[in-house]
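Residues per chain, in single letters:
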Amino acid sequence: MRDFVQANDFFASLKSTERVYLLVRHAERPHITAADADYGAHVGLTDAGRERAVALGKMFPPEGDAVYYSSPVGRCVDTAKCIAEGRALAGYCGESQGTGCAPGTSLPEITPLAVLGHLYVKDYPSYLDVLNERFYQNICSWIDSDDHPAFYPLHERAEEVRKFMLEKGTARFNIFATHDAWVVPTLVHFCKMHFTPQRWMNYLTGIAFVVNSDGFERVVPVTGMESGWLDF
């Protein structure tokens, strides 16, 4: 089983001709309880989460343009904004939607995409049941059996997620900020990682598809934290 590569090591290893498509979990958020009527959609980032997302943005190489996509949920939008802010503080903020922005000016536009909020959801009413009860257990049951009424078949859908990212991203750095529930199955498919309700993925952790000038692609599990794992 592969383990996560530290983000600073990952970015330092990149060649100038390589493109990056990064699917990453949002930064740290406050605890969400079962009493949250909107399942935490209103919850933003903690101060520590913002700081770590900015720090991750500073690790990106300054050369090359960047575009930022996110789930419409606020904590994912905020994560993408903080990563963009960090890259600007490091000396370059890249381009967004074809419009460049020099250091010290306004940050790139963050583009919310509804699909990033439910990448693997097939049946939303069934997914609400997952949100309401035993979330991690239900996700892991789906991953282990590849069969759950709420979700698409994992391995087929993971390939579609990858295709979507590579077709959507237009820059050297293409950041897709989303939720752990969608990063986890992507890591399972491409990196053969194993998750349990007691051992889960960390914030600011995800999977990078790296494409060189010849079209060759490699896959790297990446974390912007000290470890890509959370133990409950």
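Residues numbered from 1 in each chain as written. Predicted model: local features only at pLDDT ≥ 70, side-chain atom pairs only at ≥ 80, totals over all residues. Heavy atoms only, no water.

A. View of empty space enclosed by the protein. What the rule picks out here adds up to 1 cavity of 30 Å³ or more. There is about 40 Å³ of room inside the largest cavity. Going through the elements one at a time, strand S2 (19–25) and strand S10 (217–223) are the ones with two or more residues in the lining of the largest cavity. (1 Å grid on protein atoms, 1.4 Å probe; cavity = no way out; pocket = protein on both sides within 12 Å on 5 of 7 lines; lining within 4 Å. Points joined across faces, edges and corners; volume = space filled by probe spheres on them. Helix = DSSP H or I, 4+ residues; strand = E, 2+ residues; numbered from the N terminus.)

B. Quick peek at the nonpolar core. Within the largest apolar cluster, 42 residues are counted, with the highest numbers of intra-cluster contacts made by Leu23 and Phe195. Secondary-structure elements contributing two or more residues to this core are S2, strand S3 (66–70), helix H4 (124–132), helix H5 (135–145), helix H6 (154–168), helix H7 (180–191), strand S8 (199–201) and strand S9 (205–211). At 8 residues, the largest contribution of residues to this core is made by H7. Within the second largest apolar cluster, 31 residues are counted, among which are Ala27, Cys76, Val77 and Leu204. (Core = buried A, V, L, I, M, F, W, Y, C linked by side-chain atoms within 4.5 Å. Buried < 20%, exposed > 50% of the residue type's maximum accessible area, 1.4 Å probe, protein only.)

C. Main features of the packing of aromatic side chains. In this structure the tally under the stated criterion is 19 aromatic pairs. For the ring pair phenylalanine 190 and phenylalanine 209, a centre distance of 5.1 Å and an interplane angle of 85 degrees mean the geometry is edge-to-face. Here phenylalanine 190 is found in helix H7, whereas its partner phenylalanine 209 is found in strand S9, with 19 residues between them in sequence. The class of phenylalanine 190 is buried, set by a relative accessible area of 18%. An aromatic cluster is defined as three or more aromatic residues linked by ring pairs; in this entry it consists of Phe4, Phe135, Tyr136, Phe195, Trp200 and Trp229. Sitting over the ring of tyrosine 152, arginine 157 keeps its end group 4.2 Å from the ring centre. One residue, arginine 199, lies across the ring of tryptophan 229, its end atom 4.4 Å from the ring centre. (Phe/Tyr/Trp six-rings, centres within 6.5 Å; stacked < 30°, edge-to-face > 60°. Lys NZ or Arg CZ within 6 Å of the ring centre and 35° of its normal.)

D. Summary view of helix H2 (residues 47–59). For H2, which comprises 13 residues, the first-to-last C-alpha distance of 19 Å matches the rise-based estimate of 18 Å (1.5 Å per residue) to within 8%. Those residues of H2 that sit buried are Gly49, Ala53, Val54, Leu56 and Gly57. Mapping the buried residues of H2 onto a view down its axis gives an arc of 155 degrees, with all of them on the same face. In H2, those exposed residues whose orientation departs by more than 90 degrees from the buried face are Asp47 and Glu51. The secondary structure elements touched by the buried residues of H2 are helix H1 (7–13) and helix H3 (74–89). (Expected span 1.5 Å × (residues − 1). Arc of directions from axis to C-beta. Contact = heavy atoms within 4.5 Å.)

That is the geometry; function is a separate question.
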